[in-house]
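One letter stands for each residue in the lines below.
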Amino acid sequence: QVQLVESGGGLVQAGGSLRLSCAASGRTFSRYAMGWFRQAPGKEREFVSAIDWLSASKYYADSVKGRFTISRDDAKNTVYLQMNSLKPEDTAVYYCATGDGALASTRRAMYDYWGQGTQVTVSS
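Draft legend 1. Examining the overall build of the protein more closely. What the protein contains, in helices and strands, is 0 helices and 11 strands. N-terminal to C-terminal, the α/β element order of the protein is β-β-β-β-β-β-β-β-β-β-β. Computed over the C-alpha atoms, the radius of gyration of the protein is 13 Å, within 12% of the 14 Å expected from 2.2 N^0.38 for a compact globule of 124 residues. The principal-axis extents of the C-alpha atoms in the protein amount to approximately 40 × 25 × 25 Å.

Draft legend 2. Empty space enclosed by the protein, seen in detail. The full count for this structure, using the stated rule, is 1 cavity of 30 Å³ or more. Of the voids in this model, the largest cavity is the one considered here, and its volume is about 50 Å³. Taken together, V2, L4, A24, S25, R27, F29, Y32, M34 and T98 form the lining of the largest cavity. Here the residues of the lining of the largest cavity are counted per class, giving 6 nonpolar, 2 polar and 1 charged.

Draft legend 3. Focus on the pattern of salt bridges. Per the stated rule, a full pass over the model turns up 6 salt bridges. When the shortest N-O distance is used, the salt bridge between D100 and R27 registers 2.9 Å. Within this pair, whereas D100 is found in the loop between β9 (92–98) and β10 (113–114), its partner R27 is found in the loop between β3 (18–25) and β4 (34–39), the two being separated by 73 residues in sequence. Residue D100 is classed as exposed on the basis of its relative accessible area, which comes to 53%.

Draft legend 4. A look at a nonpolar patch on the surface. Together, W53, L54 and L103 make up an exposed nonpolar region whose accessible area comes to about 350 Å². You can see W53 is positioned in the loop between β5 (46–51) and β6 (58–60).

Draft legend 5. How the structure looks around the environment of S21. Assignment of secondary structure puts S21 in strand β3. Of the residues examined, S21 reaches a relative accessible area of 15% and is grouped as buried. On a C-alpha basis, the gap between S21 and R107 in space is 21 Å, while along the polypeptide they are 86 residues apart. Excluding its chain neighbours within four sequence positions, the residues that come into contact with S21 are V5, E6, S7, W36, T78, V79 and Y80.

Draft legend 6. Main features of the sheet that holds strand β8 (residues 78–83). Strand order in the open sheet formed by 4 strands is β1-β3-β8-β7, and the pairing between neighbours is antiparallel. Bordering the open sheet on either side are β1 (3–7) and β7 (68–73), each of which pairs with just one other strand. Each strand of the sheet is rotated relative to its neighbour by a mean of 15°, with strand direction disregarded. Sheet topology places β1 next to β3; 5 bridges connect them, and they run antiparallel. Residue pairing across strands places V5 opposite A23, the latter belonging to β3.

Scoring rules and cut-offs
Residues numbered from 1 in each chain as written. Predicted model: local features only at pLDDT ≥ 70, side-chain atom pairs only at ≥ 80, totals over all residues. Heavy atoms only, no water. Helix = DSSP H or I, 4+ residues; strand = E, 2+ residues; numbered from the N terminus. Rg over C-alpha atoms; globule rule 2.2 N^0.38 Å. 1 Å grid on protein atoms, 1.4 Å probe; cavity = no way out; pocket = protein on both sides within 12 Å on 5 of 7 lines; lining within 4 Å. Points joined across faces, edges and corners; volume = space filled by probe spheres on them. Nonpolar A, V, L, I, M, F, W, Y, C, P; charged D, E, K, R; others polar. Salt bridge = Lys/Arg side-chain N within 4 Å of Asp/Glu carboxyl O. Buried < 20%, exposed > 50% of the residue type's maximum accessible area, 1.4 Å probe, protein only. Patch = residues over 30% accessible without salt bridge, like charges linked within 9 Å, V, L, I, M, F, W, Y side chains within 5 Å. Areas by Shrake-Rupley, 256 points an atom, 1.4 Å probe, with all protein chains shown as cover. Contact = heavy atoms within 4.5 Å. Pairing = 2+ DSSP bridges. Axes fitted to C-alpha atoms, helices over the stretch in contact; angles between N-to-C directions.

Encoded structure:
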């Protein structure tokens, strides 16, 4: 059974930084792509970033490109999202996700397993 547990969220001022972590268990972590999504109140869950197995390719939403960095540590079964220059519009619940493929996708439907989410709040 695949389990994903996010951590690292919190309250930060605009311009600040946070690093989210997602610890995975239940299967061979290194074989699969990982993604981050977020959902703000009253909005649809949206793609943020994704990374292939072996970190071969990384993808970012235009809204976070240049500010966020995704990475993975296969030895620790963990994927990270480093978030810099945070803005109030980054406020959302952030979810870690994975599917059954090695190649990353920006499509929510490609992800079958989700964490419980971690709240990120950016004050102005």
